[in-house]
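Results of the structural survey
Here is what each chain is made of, one letter per residue.
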Amino acid sequence: MNTEIMPITPESLEKAKNLLLEGQVVAFPTETVYGLGAYAYSEEGIQRIYEAKGRPSDNPLIVHIAPGFDLSAIAREVPAGADALMARFWPGPMTLIMPKNRETIPDSVTAALDTVAIRMPSDPSAMALLRYTGMPIVAPSANTSGRPSPTSAQHVYEDMKGRIPLILDGGSCQVGVESTIVDLTEEKPLVLRPGGITLEMLREFLPEVDLDPAVKAVRSVDASIVPKAPGMKYRHYAPKGYLILTQEGPQDVARHLEEDLQKKPEDRVGAIVSEEFWREMLEASPSLESRAVWISLGSRSDMESVAQRLFAALRQADETGLTRLYGEAFSREGVGEAVMNRFRKAASEWREI
Ligand code: TXA
Ligand code: MG
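Residues numbered from 1 in each chain as written. Chains lettered and ligands numbered in written order. Predicted model: local features only at pLDDT ≥ 70, side-chain atom pairs only at ≥ 80, totals over all residues. Heavy atoms only, no water.

Turning our eyes to something else, we now look at the packing of aromatic side chains. Under the criterion given, the structure shown has four aromatic pairs. Consider the rings of W278 and W294, whose centres lie 5.7 Å apart with planes at 10 degrees: the pair is stacked. Placement of W278 in helix α10 (residues 275-284) and of W294 in strand β14 (residues 293-296) is noted, with a sequence separation of 16 residues between them. Take W278: its relative accessible area is 7%, and that puts it in the buried class. According to the relative accessible area criterion, W294 is partly exposed, its value standing at 31%. (Phe/Tyr/Trp six-rings, centres within 6.5 Å; stacked < 30°, edge-to-face > 60°. Helix = DSSP H or I, 4+ residues; strand = E, 2+ residues; numbered from the N terminus. Buried < 20%, exposed > 50% of the residue type's maximum accessible area, 1.4 Å probe, protein only.)

Inspection of the region around ligand 1 gives 28 residues, with T32, N59, H64, S179 and G231 positioned closest. Take H64: an N or O atom from its side chain is 2.6 Å from an oxygen atom of ligand 1. The side chain of S141 places a nitrogen or oxygen atom 3.0 Å from an oxygen atom of ligand 1. In isolation ligand 1 exposes 670 Å². Once the protein is present, 97% of that is buried. Of the pockets mapped on this structure, ligand 1 occupies the largest pocket. Contributing elements (two or more residues each) for the shell around ligand 1: β4 (62-64), β6 (115-119) and β10 (190-193). Here the residues of the shell around ligand 1 are counted per class, giving 16 nonpolar, eight polar and four charged. (Near = heavy atom within 4 Å. Polar contact = N/O pair within 3.5 Å; in protein donor to acceptor, adjacent residues only side chain to side chain. Areas by Shrake-Rupley, 256 points an atom, 1.4 Å probe, with all protein chains shown as cover. 1 Å grid on protein atoms, 1.4 Å probe; cavity = no way out; pocket = protein on both sides within 12 Å on 5 of 7 lines; lining within 4 Å. Sits in = over half its atoms within 2 Å of the grid points. Nonpolar A, V, L, I, M, F, W, Y, C, P; charged D, E, K, R; others polar.)

So, about the pattern of salt bridges. Here the structure, examined in full by the defined rule, presents 24 salt bridges. Between D318 and R147 there is a salt bridge whose closest N-O contact spans 3.3 Å. Taken together, the residues span a long stretch of sequence, with D318 in helix α12 (residues 303-319) and R147 in the loop between β7 (137-138) and α6 (153-160) at a distance of 171 residues. R147 matches D318 in its accessibility class, with the two residues each being buried. Linked through salt bridges whose partners overlap, the residues forming this network are R147, E158, D159, K240, R315 and D318. (Salt bridge = Lys/Arg side-chain N within 4 Å of Asp/Glu carboxyl O.)

Bringing the environment of R255 into the picture now. Take R255: it is sitting in helix α9 (residues 250-263). Residue R255 is classed as partly exposed on the basis of its relative accessible area of 40%. Within polar-contact distance, the side chain of R255 engages the side chain of D252 at 2.7 Å.

Bridge count for strand β1 (residues 4-7) against strand β8 (residues 166-169) is four bridges, and the pairing is parallel. The residue bridging M6 from the neighbouring strand is L168, located in β8. (Pairing = 2+ DSSP bridges.)

A few words now on the nonpolar core. Core analysis: the largest hydrophobic core is formed by 55 residues, its most contacted members being L85, M94, L96, I118, V138 and L202. Leave out the neighbours within four places in its chain, and L96 touches A82, L85, M86, W90, V116, A117, I118, V182 and L184. Membership of the second largest hydrophobic core comes to 29 residues, among which are L245, L297, L322 and A347. (Core = buried A, V, L, I, M, F, W, Y, C linked by side-chain atoms within 4.5 Å. Contact = heavy atoms within 4.5 Å.)

Let us now look at the packing of α12 against helix α13 (residues 336-346). Close contact between α12 and α13 brings their axes to 9 Å; oriented N to C, the two are set at 20 degrees. By the criterion of interaxial angle, the relationship of α12 to α13 is roughly parallel. Crossing of α12 against α13: the hand is left-handed. Contact residues: α12 offers M303, V306, A307, L310, F311 and L314, while α13 offers G336, V339, R342, F343 and A346. Considered class by class, the residues forming the contact of α12 with α13 number nine nonpolar, one polar and one charged. (Axes fitted to C-alpha atoms, helices over the stretch in contact; angles between N-to-C directions. Parallel < 35°, antiparallel > 145°, perpendicular 65-115°, else oblique. Left-handed = near helix turned anticlockwise from the far one by under 90°.)

So, about helix α2 (residues 43-53). Of all the positions in α2, only G45, I46, I49, Y50, A52 and K53 are classed as buried. One side of α2 carries all its buried residues, which in axial view fall inside an arc of 170 degrees. On the buried face of α2, the contacting elements are β3 (35-39), α4 (107-110), β7 and α6. Two residues or fewer past α2, G54 is found with a positive phi of approximately 65 degrees. (Arc of directions from axis to C-beta.)

Right, dumping it as structure tokens:
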């Protein structure tokens, strides 16, 4: 299959609409990451998503809608607390779990759960597609299962070339990590996946909301806690090399790299760290500048930009052929929670101090 990349134009939107109606899959940008979209009522399209991604079928999909879409077509009830969150954060990078409308939403979308994930993206390209087609569109992140989520049309092409007919190109994603998922179907509202809308922001409108214990457990690895969002139990985003995410300081990481290079000079080693961290590493060990690869996450004083760069950085580690690399552990404040959640899932090893 030939995979076309097209900017958002009336022609590409018309083409996307026809493909979706035929049960085909179309990749499109959102403010978080690129999605792999199918018409939510097309059994064929849904199956094609799982095939193209190589995704386990017990992992449900998010239904994307445009402003003004009639929620009752998807949810059988709008839970308490939802109105305030929707009014403040939609359109935007927040997904809400609601009781599912069993008459309309196929079981294949929700992996047979009785709930459904709904999101209204704010990205102008996503909005244009949803408005133009008038369709609810199911979309997981447009990576092959296990790889970092794509934040550019080029990333999608790397993973989906030959597997899907069309990628709509809307440039780089602004947020860079997937949407915050809030479950409103239980007594206590829970964040099942941290994202660009932080816990602090949600609490202003829903004071009782908390993090899913399995998300909190990023701190100490406790295998007995099973996350409620099925997708959160998988190792994800992993680069091919051995990634050690560590709370140690720049001097320690510089020393580790020196030792690694001494033991195995043929290895390609590096660090996915902030500018500040790398600078201090070089002060401790200047020769690393030529002997190790630095993949920059920007300044650690700007966590929004760290989030935006993270997935591209993990992909770059593969392109550079790094066999062993170190990642900087950031504070979990604000969007840092989402950054550390994804970084932790990508890592082969987590070192706490
Ligand atoms: O930002 C995003 O949310 C992106 C863009 C494309 O919109 N989409 C995305 O989809 O990240 P995906 O499929 O990669 O992740 C969806 C997550 C999975 O962890 C899945 O298990 C969870 O949402 N999920 C979906 N439906 C659910 C439900 N009914 N109950 C609990 N978790 C659900
Ligand atoms: Mg995903």
